[in-house]
Amino acid sequence: MSALAQNIADSLDLKRAHIDAALTLFGGGATVPFVARYRKEQTGGLDEVQLRDIMELQQRLTELEQRRKTILDTIQGQGQLTPALADKLAACATKTQLEDLYAPYKKRRKTRADVAREKGLAPLADRITSQPREGRPYEDARRFVNAQRGVKTPDEALAGARDIVAEGLAMDPALRSLVRNAVGEHGQLRSKLAKKDIDGSQYRDYLKYEERAHRVPSHRYLAVCRGEEEGVLSVSVRPDPEATLRQVLRGCRYYPNSPYGPQMFDAAQDAFKRLLLPTAERSVRAQLKVIADDAAIDVFQKNMEALLLSAPLGPKPVLGIDPGIRTGCKCAMVGANGALLQYETVYLVGRSTPQTSMIISLLRTHRPVAIAVGNGTGGRETETLLRAAVKEAGLDVMVVSVN
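Residues numbered from 1 in each chain as written. Predicted model: local features only at pLDDT ≥ 70, side-chain atom pairs only at ≥ 80, totals over all residues. Heavy atoms only, no water.

Undergrad: I'd like a description of the overall build of the protein chain, backed by residues and values.
TA: Along the protein chain, the regular secondary structure elements total 17 helices and 8 strands. For a compact globule of 403 residues, the expected C-alpha radius of gyration is about 22 Å, and the protein chain comes in at 33 Å, more than 25% above that figure. Residue burial in the protein chain is summarised as follows: out of 403 residues, 36% are buried. Excluding contacts between residues fewer than 6 apart, the proportion of contacts in the protein chain whose partners are at least 24 apart in sequence is 63%. For the protein chain, the accessible surface area stands at approximately 23,800 Å², while carbon and sulfur atoms represent 51% of it. Distance between charge centres in the protein chain, computed from 59 positive and 49 negative side chains, equals 2 Å. (Helix = DSSP H or I, 4+ residues; strand = E, 2+ residues; numbered from the N terminus. Rg over C-alpha atoms; globule rule 2.2 N^0.38 Å. Buried < 20%, exposed > 50% of the residue type's maximum accessible area, 1.4 Å probe, protein only. Contact = heavy atoms within 4.5 Å. Areas by Shrake-Rupley, 256 points an atom, 1.4 Å probe, with all protein chains shown as cover. Lys, Arg positive; Asp, Glu negative; His and termini not counted. Charge placed at Lys NZ, Arg CZ, Asp CG, Glu CD.)

Set out below in structure tokens:
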């Protein structure tokens, strides 16, 4: 808990003691509204937005640590966990980095590379990867021709070896990150009609649509996603293939002057198009979806806030009171135009001498049409005292209990 609290405190620039208190309360089953309202002394007055950020970050970091432990246990169970790999996994700050390191050790269906290894083509693949200055790939591949193993020609041997090399490149965390960054930073989001015989009139703005992915407004991305889910649109996010392939070739140390250079080029191109690019596209699109969903939630939240804060009585002055015994009743006088006119804390409930004179002064000064009293702790007692104060002030003000 201590390391987690310090991490959250550093990320959100909040005091460690307040984070500890909030996490302890959440661990005991307390909700965000409860902590924000009734445990201010323990959390240093953290509001609901800050508390929700703490809760979300706690969940994200907890999930990250659980995934890290699962990956460490799995690789250790395979007998392949080295001190260097353990240090790299411990240094990962995101799930994406963890998954990149875990990719070579993950159980998967038999691949073309697995088939090629079963045919004994791994040494030939190593030769392609090393790209020696001298050699004759076609002649070297003849030594691996074996009809019993399913390798009938040197071309088949070279093709299988390239499959092994391509898979190795696709498992390289650096190359995975390189292609993912290229898709995320330079990829173009494109959408078009999925099939010619489909009525795409509902998505006519997106039938020939193209825009830089990281600049796409959230509402437009959600729209193309809906069209894709309904089978109307075909959607992709792709960077400049030639420029990205050149980056991949530099990343895998491609030597064009080597006799094995053409074989390495073909393997890198296959790894890029068949393995690296689809994986990077899925990752980037998943991140775009998270960002778009968060933006949509923010818009909904603002609309809902405006709706909830709209005056139910219309443009009329209202006094709102949040009852409290120990901390007093919080009184907010709001004018007809919604502006806060006065705020006071008045001790009414649980006192031998209630401060009704302050309430009467508020009423006579601002002349509210209604008084809204929260129905929480001490609500009924507060409502009774207010009715007496209204009568004493000689005003015609209705007192209403609200949720």
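Undergrad: So what's going on with the side chain of Glu281? Residues and values would help.
TA: Inspection of the secondary structure assignment puts Glu281 in helix 15 (residues 261-308). Contacts of Glu281, omitting those with residues within four sequence positions, involve Val183, Val235, Ser236, Val237 and Arg238.

Undergrad: How would you summarise the sheet that holds strand 2 (residues 208-212) if you had to cite specific residues and measurements?
TA: As summarised here, the arrangement of the 3 strands in space is 2-1-3, forming an open sheet in which the pairing is antiparallel. Each end of this open sheet is capped by a strand with a single partner; those strands are strand 2 and strand 3 (233-238). On average, adjacent strands in this sheet sit at an angle of 15° to one another, irrespective of strand direction. Relative to strand 3, strand 1 (residues 188-193) is paired through 6 bridges, and the arrangement is antiparallel. Its bridge partner lying in strand 3, Arg190 is registered against Ser236. (Pairing = 2+ DSSP bridges. Axes fitted to C-alpha atoms, helices over the stretch in contact; angles between N-to-C directions.)

Undergrad: With reference to specific residues and values, describe the pairing of strand 7 (residues 370-374).
TA: Taking burial as the measure, the 5 residues of strand 7 include 4 buried ones, the bulk of the element. Examined bridge by bridge, strand 4 (residues 318-322) and strand 7 share 4 bridges and lie parallel to one another. Within strand 7, the position partnered with Ile321 by the bridge is Val373. Where strand 7 and strand 8 (residues 398-402) come together, 5 bridges link them in parallel fashion. Bridge pairing in strand 8 places Ile371 opposite Val399. This β-α-β element, strand 7 to helix 17 (residues 379-393) to strand 8, shows right-handed connectivity. (Right-handed = clockwise from strand over helix to strand, strands pointing away.)

Nothing here speaks to function; it is geometry throughout.
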